[in-house]
Amino acid sequence: MNLAFASTLHLPTGQRVGFETKPISLAPNASRWLSTRKMFPCLASTATAMTQAAEFELEEKKHDLLRAIQETQRGLVATADQRSCIEEALVNVERYNAGAPIDLEKLDGTWRLQYTSAPDVLVLLESATRLSFFQVGQIFQKFECKNQSNGGVVRNVVRWSIPPLLEEQEGATLLVSAKFSIVSARNIYLQFEEISIQNINISEELQALIAPAILPRSFLSLQILQFLRTFKVEFPVRNPGRQQSVGGLYYLSYLDANMLLGRAATGGIFVFTRAQPLV
């Protein structure tokens, strides 16, 4: 669409001099959009309705997945039939996000593990059922990649306890830290760097044993309590016989504001939901 403006200049002698400005052209796409809006005013509302319907369908698929993983104790007691249903529900969600590049702004933050079929995690959960003195609490993945363009840091956080020495479920924290880099639209490469045990929260019973409240607390007993509360041990992750760190591919198959799905190259799927930031 071209908009042209013409004008005539009247001189004192009575002569007239005409001039014309150059046409101002709108972009072709904008012109077509204006024409389409005039011809089909209902298209915008139809497109909005279709978008809302797709979003509603996606939320239903996500709820189907969350329902499928219920009663599996994060995958520990999932039967073969349940695993098959979970895989199908997972694929139904993944197809909505297939091929889209990883959004590091969305990925940044804390994610709570809801389900996994990864053997290395299931062994940890199974040990808690076999050993009466050992508990495994919440498991998180914490991504630190805000304002980054090609990667960041990920921390696997496992809350565990040994009652009655430590507080229930959150007596201590196992932290596995890794750097990650984006290697394709959906794949990240993890380079594990360090494992640490920290945030020791001793139980009230143990505190009373070390420093009884009914007795004057000595300097030594208070020092022991302080040492336990601030205790932290760290050691690097290395390949046996090599100096390089352990690494591996991790495929992020789906990501939005409140759900993260992943597939490990070594096998196993992961279902996470957004959690409050860890302190």
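Residues numbered from 1 in each chain as written. Predicted model: local features only at pLDDT ≥ 70, side-chain atom pairs only at ≥ 80, totals over all residues. Heavy atoms only, no water.

**Q** What should I look at first to understand the confidence of the model for the chain in this one?
**A** Reading fine detail from the predicted coordinates is not recommended where pLDDT is low. On average, residues of the chain score 81 in pLDDT, and 74% of them are at 70 or above. Between residues 1-30, whose pLDDT stays under 50, and residues either more than four places distant or in other chains, the model counts 27 contacts. (pLDDT = per-residue confidence, 0-100. Contact = heavy atoms within 4.5 Å.)

**Q** Help me understand the nonpolar core in this model?
**A** The tendency in soluble globular proteins is for nonpolar side chains to be buried as a group. Counting 35 residues, the largest nonpolar core has Leu 107, Phe 143, Phe 180, Ile 188, Tyr 250 and Leu 260 as its most contacted members. For this core, the element with the most residues is strand β8 (residues 172-182), which contributes 4 residues. In this view, Ile 188 contacts Ile 102, Phe 143, Phe 180, Ser 181, Ile 182, Val 183, Gly 248, Leu 249, Tyr 250 and Leu 252; residues no more than four positions away in its chain are not counted. Core analysis: the next-biggest nonpolar cluster, separate from the first, contains 14 residues, Leu 65, Val 93, Tyr 254 and Val 271 among them. (Core = buried A, V, L, I, M, F, W, Y, C linked by side-chain atoms within 4.5 Å. Buried < 20%, exposed > 50% of the residue type's maximum accessible area, 1.4 Å probe, protein only. Helix = DSSP H or I, 4+ residues; strand = E, 2+ residues; numbered from the N terminus.)

**Q** Can you walk me through the packing of aromatic side chains in this structure?
**A** According to the stated counting rule, one finds 4 aromatic pairs in the structure shown. Judged by centre distance (5.6 Å) and plane angle (85 degrees), the rings of Phe 143 and Phe 180 are edge-to-face. Here Phe 143 is found in strand β6 (residues 135-144), whereas its partner Phe 180 is found in strand β8, with 37 residues between them in sequence. A centroid spacing of 6.1 Å and a plane angle of 10 degrees characterise the contact between Phe 270 and Phe 272, whose relative ring orientation is stacked. Among the aromatic side chains, those forming a connected cluster through ring pairs are Tyr 250, Phe 270 and Phe 272. (Phe/Tyr/Trp six-rings, centres within 6.5 Å; stacked < 30°, edge-to-face > 60°.)

**Q** What should I look at first to understand a negative patch on the surface in this one?
**A** A cluster of acidic residues, Glu 167, Glu 168, Glu 204 and Glu 205, forms a negative patch at the surface. Counting through the fold element by element, Glu 204 comes out in helix α6 (residues 204-210). (Patch = residues over 30% accessible without salt bridge, like charges linked within 9 Å, V, L, I, M, F, W, Y side chains within 5 Å. Areas by Shrake-Rupley, 256 points an atom, 1.4 Å probe, with all protein chains shown as cover. Salt bridge = Lys/Arg side-chain N within 4 Å of Asp/Glu carboxyl O. Lys, Arg positive; Asp, Glu negative; His and termini not counted. Charge placed at Lys NZ, Arg CZ, Asp CG, Glu CD.)

**Q** Looking at this model, I keep getting lost on the environment of Ser 203. Mind explaining?
**A** As for its position among the elements, Ser 203 is in the loop between β9 (187-198) and α6. The sequence separation of Ser 203 and Glu 167 amounts to 36 residues, and the corresponding C-alpha distance is 4.7 Å. In contact with Ser 203, other than residues within four places in its own chain, are Pro 164, Leu 165, Leu 166 and Glu 167.

**Q** Explanation requested: the pairing of strand β13 (residues 269-274) in the structure shown.
**A** Consecutive side chains along a regular strand alternate between the two faces of the sheet. The element β13 is largely enclosed, with a buried count of 5 among its 6 residues. In this structure, strand β5 (residues 109-116) lies alongside β13, joined through 5 bridges in antiparallel fashion. Among the inter-strand pairings, Thr 116 is bridged to a residue of β13, identified as Phe 270. Bridge analysis of strand β12 (residues 259-264) against β13 gives 5 bridges, and the strand direction is antiparallel. The partner of Leu 260 across the bridge, within β13, is Phe 272. (Pairing = 2+ DSSP bridges.)

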